[in-house]
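A look at the structure
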Amino acid sequence: MKTAARILTLCLALSGPALACAQDLIFGPGPSAAPSSRGSAADLDAIVAVVNDDVITRRELDAALANVQRQLRERGVQAPPAAALENQVLERLIMNQLQLRAAEKSGVTVDDQTLNAAMEAIAQRNNLSLSQLRATLEKDGYSFASFREDIRRELLATRLRQRVVEGKLSVSEQELDTFLASAQGQVQGREFHLAQILIAVPEGASAQQLEQAQAKARQVLERLHQGADFKRLASSVSDGREALEGGDLGWRALDRIPSLFLPVVRTLKPGEVSDIVRSPRGFHIIKLLEERATSASAAPVTQSHVRHILVRTGSGISDEQARQKLERLRERAQNGEDFAALARANSEDSASAERGGDLGWIGPGTLPPPVEQELAGLQPGQVSAPFQSADGWHIVQVLERRQQAGGDSATRAAAREALLR
């Protein structure tokens, strides 16, 4: 039977560029996430952290802790010591606040259309209808409205990361050819379900700090060899962001595994743990949970027939002016004006403007991540809200979609995604 804990763990583990796995969703303060009894209302409203101009109160932290503890119980994972758990939860709450404020300052938004598409995708991922998803969540005490806002927040964080990092990256055809010719690029057909325990070291760590961290990692490894449960140890001692999920890193193809870990993973059998692996972040212990074959390279891919209008910033035009211009063009297109004519008159993409902004049939991994992010939430005929990429500000329209067999185009798309990662 589906449970809210299972949905919250997997809700955003979707393929494609639209969404990433959301570990922060368990912090949505649903109605049953009542704070623990700590005293008066003044105690509950006490400030436990200041994040720039925002604050996190004792009440918010207690609600987040209650949700995390319930999630751990439902997944059969022993909670770490109270102090360690509180520190991990507080750190995530702080990171959430920082991401939200950064998104606001950057003009990153998630409209209801995109949010609704994400909710539908989550329901489908869990083999549920949207009404069944709502019933399952509310049965276990989660507020559906709060869940929607958690999804919106995760989408905001994803878009922010794409704008700051991924939108500035590009992969040339020559780089793709080189990668596909390499040993790593030629590995196909296997996926690995991994978990890790990380004993982190601070940047510029002293020799003594390194020695202490390595000694702690050795103690953890020894406990594992003596039969200690990996998930429980990870939830209590790991410094990785996935610690509260028992160190679970999810399923990964070899091209999504850091090169430092590749030789280790290839030697492990399901259920085995590695020796200590040193990285700039600290000391890792890797466990191979499962391994499976995949035929993803031969699976059909969805292609979209796309056109867009691009407005570049600089030379006297600001981000806000570009956004407003595209908003006006979008309204005109929605009111019946010909998109192609608008693109020919206004788009600054010289390669596509003369074709009415037509980019042709586009497969996954072809366009920059911010553009694909917007395409994922559009139905044929719809025009996106203005959004930003490394090239400038865009609106895009999906004309139609089709399913194409995999093969070389799918292989190159997967390789492009691997290089971007």
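In what follows, the structure referred to is the one given above.
Read on for a plain summary of the structure. Everything quoted here is computed from the prediction, not taken from an experiment.

With respect to the overall build of the chain
If you tally the helices and strands in the chain, you get 17 helices and 10 strands. Of the contacts made within the chain by residues no fewer than 6 positions apart, 71% connect residues no fewer than 24 positions apart. Taken as a whole, the chain presents about 20,800 Å² of accessible surface, with 49% of it coming from carbon and sulfur.

Quick notes on the pattern of salt bridges
Tallied over the full model, the rule gives 12 salt bridges. Taking the shortest distance from any N to any O, the salt bridge between Arg134 and Glu138 comes out at 3.1 Å. One end of the pair is Arg134 and the other is Glu138, both in helix H6 (residues 130-139) and four residues apart, which spans about a single turn. We classify Arg134 as partly exposed; its relative accessible area is 42%. By relative accessible area, which is 40% here, Glu138 ends up partly exposed. Residue Arg344 pairs with Asp338 through a salt bridge whose shortest N-O separation is 4.0 Å. Each of the salt bridges in this network shares a partner with another, and the network as a whole consists of Arg58, Asp62 and Glu86.

A few points about the packing of helix H10 (residues 207-225) against helix H11 (residues 230-237)
Close contact between H10 and H11 brings their axes to 10 Å; oriented N to C, the two are set at 155°. As the angle between them shows, H10 and H11 are arranged roughly antiparallel. For the crossing formed where H10 meets H11, the hand is right-handed. For the pair H10 and H11, the contacting residues are Lys216, Val220, Arg223 and Leu224 in the first and Phe230, Leu233 and Val237 in the second.

Section: the sheet that holds strand E5 (residues 277-279)
Taking strand neighbours across the sheet as the criterion, the four strands line up as E4-E3-E6-E5 in an open arrangement whose pairing is antiparallel. Each edge of the sheet is formed by a strand with only one pairing partner; in this case those strands are strand E4 (248-253) and E5. Ignoring which end each strand starts from, the neighbouring axes of this sheet average 40° apart. Two strands pair when backbone bridges link them, and strand E3 (residues 190-200) and strand E6 (residues 282-293) are joined in this way by 11 bridges, in the antiparallel orientation. Each residue of the ladder has a partner; that of Ala195, found in E6, is Lys287.

Side note on the environment of Arg401
Counting through the fold element by element, Arg401 comes out in strand E10 (residues 392-404). Residue Arg401 is classed as partly exposed on the basis of its relative accessible area of 30%. Residues Arg401 and Pro380, spaced 21 residues apart in sequence, show a C-alpha to C-alpha distance of 7.1 Å. Those residues in contact with Arg401 that sit more than four places away from it in its chain are Thr302, Gln303, Ser304, Trp361, Leu375, Ala376, Leu378, Gln379 and Pro380.

Things to note about the environment of Arg218
Mapping Arg218 onto the fold places it in helix H10. Between the C-alpha atom of Arg218 and that of Phe283, which follows or precedes it by 65 residues, the distance is 9.4 Å.

Brief notes about the packing of aromatic side chains
Counted under the stated rule, the structure contains zero aromatic pairs. Its guanidinium or amino end placed over the ring of Phe283, Arg278 lies 4.9 Å from that ring's centre, counting from NZ or CZ. The ring of Trp251 is capped by Arg292, whose NZ or CZ atom sits 3.8 Å from the centre of that ring.

Some details on the environment of Ala333
With respect to the element layout, Ala333 can be found in helix H13 (residues 319-334). Expressed as a C-alpha distance, the spacing of Ala333 and Gln382, which sit 49 residues apart in the sequence, is 9.7 Å. If near-sequence neighbours (up to four positions away) are discounted, Ala333 is found in contact with Phe339, Leu342 and Val383.

What to know about helix H3 (residues 58-74)
For an α-helix, 3.6 residues make a turn, and residues three or four places apart therefore share a direction. Taking 1.5 Å of rise per residue, the 17 residues of H3 would be expected to cover 24 Å, and the 24 Å separating its terminal C-alpha atoms lies within 8% of that figure. The buried fraction of H3 amounts to 12 of the 17 residues, a majority that puts the element mostly inside the structure. Following H3 by one or two positions, Gly76 has its phi on the positive side, about 75°.

Calculation rules
- Residues numbered from 1 in each chain as written.
- Predicted model: local features only at pLDDT ≥ 70, side-chain atom pairs only at ≥ 80, totals over all residues.
- Heavy atoms only, no water.
- Helix = DSSP H or I, 4+ residues; strand = E, 2+ residues; numbered from the N terminus.
- Contact = heavy atoms within 4.5 Å.
- Areas by Shrake-Rupley, 256 points an atom, 1.4 Å probe, with all protein chains shown as cover.
- Salt bridge = Lys/Arg side-chain N within 4 Å of Asp/Glu carboxyl O.
- Buried < 20%, exposed > 50% of the residue type's maximum accessible area, 1.4 Å probe, protein only.
- Axes fitted to C-alpha atoms, helices over the stretch in contact; angles between N-to-C directions.
- Parallel < 35°, antiparallel > 145°, perpendicular 65-115°, else oblique.
- Left-handed = near helix turned anticlockwise from the far one by under 90°.
- Pairing = 2+ DSSP bridges.
- Phe/Tyr/Trp six-rings, centres within 6.5 Å; stacked < 30°, edge-to-face > 60°.
- Lys NZ or Arg CZ within 6 Å of the ring centre and 35° of its normal.
- Expected span 1.5 Å × (residues − 1).

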